[in-house]
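# Working through the structure, step by step
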Amino acid sequence: MFDIATQLTDVVLQSSAPAIPENSAAALAVGLAAFGAGYAERGIGAAAVGATAEDDDMFVRGLILTVLPETLVILALVTIFLVG
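Below, the structure is looked at part by part.

What the protein chain contains, in helices and strands, is four helices and zero strands. Here the C-alpha atoms of the protein chain give a radius of gyration of 20 Å, more than 25% beyond the 12 Å that 2.2 N^0.38 yields for 84 residues. For the protein chain, the C-alpha atoms occupy an extent of roughly 60 × 35 × 10 Å along the three principal directions. In the protein chain, which comprises 84 residues, the proportion classed as buried is 12%.

Structure representation (structure tokens):
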């Protein structure tokens, strides 16, 4: 198994071109950031709804914590526009 990985890295490192095109790398970066934000919001949203059901004063705090992971996607988009 390690022989295949070593051969693959030799082939990739010998090439002067990037492993994937720039547009594909940008799409992958934003897509993974969105996936991570969605995964984080899943648990936070469930906890926020439970907290709000018990105490109405927790709504604003739960809303802020639910929206917070979305800044990852916004940061990824800003980075793509700054780099590209």
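Quick look at a negative patch on the surface now. On the surface, Glu-54, Asp-55, Asp-56 and Asp-57 cluster together into a patch of negative charge. With respect to the element layout, Asp-57 can be found in the loop between α2 (22–54) and α3 (59–67).

In this section: a nonpolar patch on the surface. Taken together, the side chains of Phe-59, Val-60, Leu-63, Ile-64 and Val-67 present a nonpolar region at the surface, about 480 Å² in accessible area. In this structure, Phe-59 sits in helix α3.

With that settled, consider the environment of Ala-40. Positionally, Ala-40 belongs in helix α2. As for Ala-40 and Ile-80, which are separated by 40 residues in sequence, their C-alpha atoms are 22 Å apart.

With that settled, consider the packing of α2 against helix α4 (residues 70–83). Here α2 crosses α4 at 170°, and the two axes come no closer than 8 Å. One way to sum up the angle between α2 and α4 is to call them roughly antiparallel. Of α4, the residues touching α2 (which contributes Ala-26, Ala-29, Val-30, Ala-33, Ala-34, Ala-37 and Glu-41) are Glu-70, Leu-72, Val-73, Ala-76, Leu-77 and Ile-80. Class assignment for the residues of the contact of α2 with α4 results in 11 nonpolar, no polar and two charged.

Now for the packing of α2 against α3. Relative orientation of the contacting elements α2 and α3 amounts to 175°, with a least axis distance of 9 Å. It follows from the interaxial angle that α2 and α3 lie roughly antiparallel. The residues of α3 that touch α2, namely those facing Glu-41, Ile-44, Gly-45, Ala-48 and Thr-52, are Phe-59, Gly-62, Leu-65 and Thr-66. Tallied by class, residues from the contact of α2 with α3 come to four nonpolar, four polar and one charged.

Right, let's talk about the environment of Leu-68 for a bit. Tracing the chain through its elements places Leu-68 in the loop between α3 and α4. Looking at Leu-68, the relative accessible area reads 49%, which means it is partly exposed. Sequence separation between Leu-68 and Glu-41 is 27 residues; the distance between their C-alpha atoms is 8.6 Å.

About the thresholds
Residues numbered from 1 in each chain as written. Predicted model: local features only at pLDDT ≥ 70, side-chain atom pairs only at ≥ 80, totals over all residues. Heavy atoms only, no water. Helix = DSSP H or I, 4+ residues; strand = E, 2+ residues; numbered from the N terminus. Rg over C-alpha atoms; globule rule 2.2 N^0.38 Å. Buried < 20%, exposed > 50% of the residue type's maximum accessible area, 1.4 Å probe, protein only. Patch = residues over 30% accessible without salt bridge, like charges linked within 9 Å, V, L, I, M, F, W, Y side chains within 5 Å. Areas by Shrake-Rupley, 256 points an atom, 1.4 Å probe, with all protein chains shown as cover. Salt bridge = Lys/Arg side-chain N within 4 Å of Asp/Glu carboxyl O. Lys, Arg positive; Asp, Glu negative; His and termini not counted. Charge placed at Lys NZ, Arg CZ, Asp CG, Glu CD. Axes fitted to C-alpha atoms, helices over the stretch in contact; angles between N-to-C directions. Parallel < 35°, antiparallel > 145°, perpendicular 65-115°, else oblique. Contact = heavy atoms within 4.5 Å. Nonpolar A, V, L, I, M, F, W, Y, C, P; charged D, E, K, R; others polar.

The analysis is restricted to geometry; functional conclusions fall outside its scope.
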